[in-house]
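Residue-level structural notes
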Amino acid sequence: MSYSPPPGAPRARIPGPQQRPPASPRIRAGLWRRCLGGGLALWALTALVTYATRNTTLLPTLILLGSFLTPVVFVLWAYERHGRDLGVDVILGCFLTGGTLGVLGASAMEHHLLHPSLWMSVGVGPIEEAAKLGALMFVLRRRTRLRGRRAGLVLGATVGFGFAALESAGYAFDAVISTDGVDLRALLETELLRGVLAPFGHGLWTAIAGGALLACRRPDGRFRCAAPVVGTFLGVSLLHALWDSTHGIALWLVARLTTSGLDGRLFAEGYIPRPTAEQEHLFAFFSIGGTALVALLGVAWVRASTRRDPSWRNTP
């Protein structure tokens, strides 16, 4: 038996509770510490087994672990401390896609624009910084909500660390194949040195440039080539060029202080033939001191950028 509805105005149906969209994956606090400790242990174990067995099939594992460990740890730290609201997908896109596009773009431009000369290291800085900024803009081209200095610092550093990881893997591979046979010692020295210096190189420079880029981004998502962006780009390019030139500058200073005349062949060869003990000590002092000075300048610049952005201290 059916009943007709009671007379009167029809009642509106109240929709039931809707299911919330799934939240992005959450990274547990302190993951970067566990990644650092576990990664170091795995890298050391891989190096030990490779040295004991001379098994060349382990070389890719050794290269990838050593090249990606430090960049991944610093990206996890930046995401955990200052970028949880940006999204894991954006972080992965900047690290993998941005880093790869940066390496490819820089390699293509350096191949066509640069030639071996005394000024080659000066040209590498602007080219690589432009390639990394272009990769960052490409990854974020449709994410108009992502702007502000804090987002630029985190995502710029992520692109820079992706670039550094792939570049370090290439240098480690060159250290193996550039000699007769497998030079495991050269490989380990390359990975240790680049792993220690990684936080003060590409990640640091692209963080500074990315912070300026997204700080000047318009609300509609368009990137502005404003004066602060151009000035910051030129500044980080100078830091990059100084970093790459520390070897040559140290060589020039040693030759200037210890010899009566400067031989141009010294800079073409990249070393002083038959150096004295004094020249070796001076070269080590100027080379290490110059690298440390450039690193300190970059760190001071980043700290100054974070002080100008209150959201850096009040991140989720």
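1. Describing the overall build of the protein
Looking only at helices and strands, the protein features 10 helices and 0 strands. Taken across its 316 residues, the protein has 41% of its residues classed as buried. Nonlocal contacts in the protein, meaning residues at least 24 apart in sequence, comprise 75% of its contacts between residues at least 6 apart.

2. Overview of the environment of Leu-133
Note on placement: Leu-133 falls in helix 4 (residues 120-139). Residue Leu-133 is classed as buried on the basis of its relative accessible area, which comes to 11%. Sequence-wise, Leu-133 and Phe-233 are 100 residues apart; in three dimensions their C-alpha atoms are separated by 9.0 Å. Once residues lying within four places of it in the same chain are set aside, the contact partners of Leu-133 are Ala-209, Gly-210, Leu-213 and Phe-233.

3. Observations concerning a nonpolar patch on the surface
Taken together, the side chains of Leu-45, Leu-48 and Val-49 present a nonpolar region at the surface, about 270 Å² in accessible area. Given the relative accessible area of 56%, Leu-48 is considered exposed.

4. Here we look at the packing of aromatic side chains
Under the counting rule described, the total for this entry stands at 4 aromatic pairs. Centroid distance Phe-285 to Phe-286: 5.4 Å. Interplanar angle 65°. Geometry classified as edge-to-face. Of note, Lys-132 hangs over the ring of Phe-163, and the distance from its end group to the ring centre comes to 5.4 Å. We note Arg-141 situated over the ring of Phe-138; from NZ or CZ to the ring centre the distance is 4.1 Å.

5. Concerning the pattern of salt bridges
Under the defined criterion, the tally for this structure stands at 5 salt bridges. The salt bridge partner of Lys-132 is Glu-129, with a shortest N-O separation of 2.9 Å. Separated by 3 residues within a single helix, Lys-132 and Glu-129 lie in helix 4, roughly one turn from each other. Accessibility assignment for this pair places Lys-132 and Glu-129 in one class, buried.

6. Brief notes about the nonpolar core
Nonpolar side chains tend to gather and get buried jointly when the protein is soluble and globular. Formed by 39 residues in total, the largest nonpolar core has its most connected members in Cys-94, Leu-136, Leu-140 and Leu-155. Mapped onto this core, the elements with two or more residues apiece are helix 2 (59-82), helix 3 (88-113), helix 4, helix 5 (149-177), helix 7 (202-215), helix 8 (227-258) and helix 10 (277-307). Per-element tally for this core: the top contributor is helix 5, with 8 residues. Discounting chain neighbours no more than four positions away, the residues touching Leu-155 are Leu-86, Val-90, Ile-91, Cys-94, Leu-136, Leu-140 and Leu-146. Listed in part, the 10 residues of the second largest apolar core include Ala-47, Ala-169, Val-176 and Leu-187.

7. Concerning the side chain of Ser-168
Within the secondary structure layout, Ser-168 lies in helix 5. With a relative accessible area of 9%, Ser-168 lands in the buried category. Setting aside its immediate chain neighbours within four residues, Ser-168 contacts Ser-67 and Arg-194.

8. Re the environment of Val-154
Tracing the sequence through the fold places Val-154 in helix 5. On a C-alpha basis, the gap between Val-154 and His-82 in space is 7.2 Å, while along the polypeptide they are 72 residues apart. Here Val-154 is in contact with Ala-78, His-82, Leu-86, Ile-91 and Trp-312, once residues within four sequence places are set aside.

9. As for the packing of helix 2 against helix 5
Axis separation between helix 2 and helix 5 bottoms out at 9 Å; the angle between their running directions is 170°. In this view, helix 2 runs roughly antiparallel relative to helix 5, as classed from their interaxial angle. For the pair helix 2 and helix 5, contact is made by Leu-59, Ile-63, Ser-67, Phe-68, Pro-71, Phe-74, Val-75, Ala-78 and His-82 and by Arg-150, Val-154, Thr-158, Phe-161, Ala-165, Leu-166, Ser-168, Ala-169, Ala-172, Phe-173 and Val-176, respectively. For the contact of helix 2 with helix 5, the residue count by class is 15 nonpolar, 4 polar and 1 charged.

10. What to know about helix 7
Between its first and last C-alpha, helix 7 extends 20 Å over 14 residues, near the 20 Å set by a 1.5 Å rise per residue. Most of helix 7 sits inside the fold, with 13 of its 14 residues counted as buried.

11. With respect to unusual backbone geometry
Notably, Arg-54 is not glycine yet its phi reads approximately 55°, a positive angle. Tracing the chain through its elements places Arg-54 in the loop between helix 1 (31-53) and helix 2.

12. What about the environment of Ala-106?
Within the secondary structure, Ala-106 sits in helix 3. Taking the C-alpha atoms as reference, Ala-106 lies 8.0 Å from Lys-132; in sequence the two are 26 residues apart. Apart from residues no more than four positions distant in its own chain, Ala-106 is found in contact with Ile-127, Glu-128, Ala-131 and Phe-163.

13. Here we look at the state of the cysteines
Throughout the structure, instances matching the rule amount to 0 disulfides. Unpaired in this structure, Cys-216 has its nearest cysteine sulfur neighbour in Cys-225, at a distance of 9.9 Å.

14. Observations regarding helix 1
If you check helix 1, its first and last C-alpha atoms are 32 Å apart, about what 23 residues at 1.5 Å a residue would give, namely 33 Å. Looking at helix 1, one finds that the buried residues are Gly-39, Trp-43, Thr-46, Ala-47 and Thr-50. Buried residues in helix 1 make contact with helix 2 and helix 6 (184-197).

What counts and what doesn't
Residues numbered from 1 in each chain as written. Predicted model: local features only at pLDDT ≥ 70, side-chain atom pairs only at ≥ 80, totals over all residues. Heavy atoms only, no water. Helix = DSSP H or I, 4+ residues; strand = E, 2+ residues; numbered from the N terminus. Buried < 20%, exposed > 50% of the residue type's maximum accessible area, 1.4 Å probe, protein only. Contact = heavy atoms within 4.5 Å. Patch = residues over 30% accessible without salt bridge, like charges linked within 9 Å, V, L, I, M, F, W, Y side chains within 5 Å. Areas by Shrake-Rupley, 256 points an atom, 1.4 Å probe, with all protein chains shown as cover. Salt bridge = Lys/Arg side-chain N within 4 Å of Asp/Glu carboxyl O. Phe/Tyr/Trp six-rings, centres within 6.5 Å; stacked < 30°, edge-to-face > 60°. Lys NZ or Arg CZ within 6 Å of the ring centre and 35° of its normal. Core = buried A, V, L, I, M, F, W, Y, C linked by side-chain atoms within 4.5 Å. Axes fitted to C-alpha atoms, helices over the stretch in contact; angles between N-to-C directions. Parallel < 35°, antiparallel > 145°, perpendicular 65-115°, else oblique. Nonpolar A, V, L, I, M, F, W, Y, C, P; charged D, E, K, R; others polar. Expected span 1.5 Å × (residues − 1). Disulfide = S-S within 2.5 Å.

Everything listed is a geometric property; what it means functionally is a separate question.
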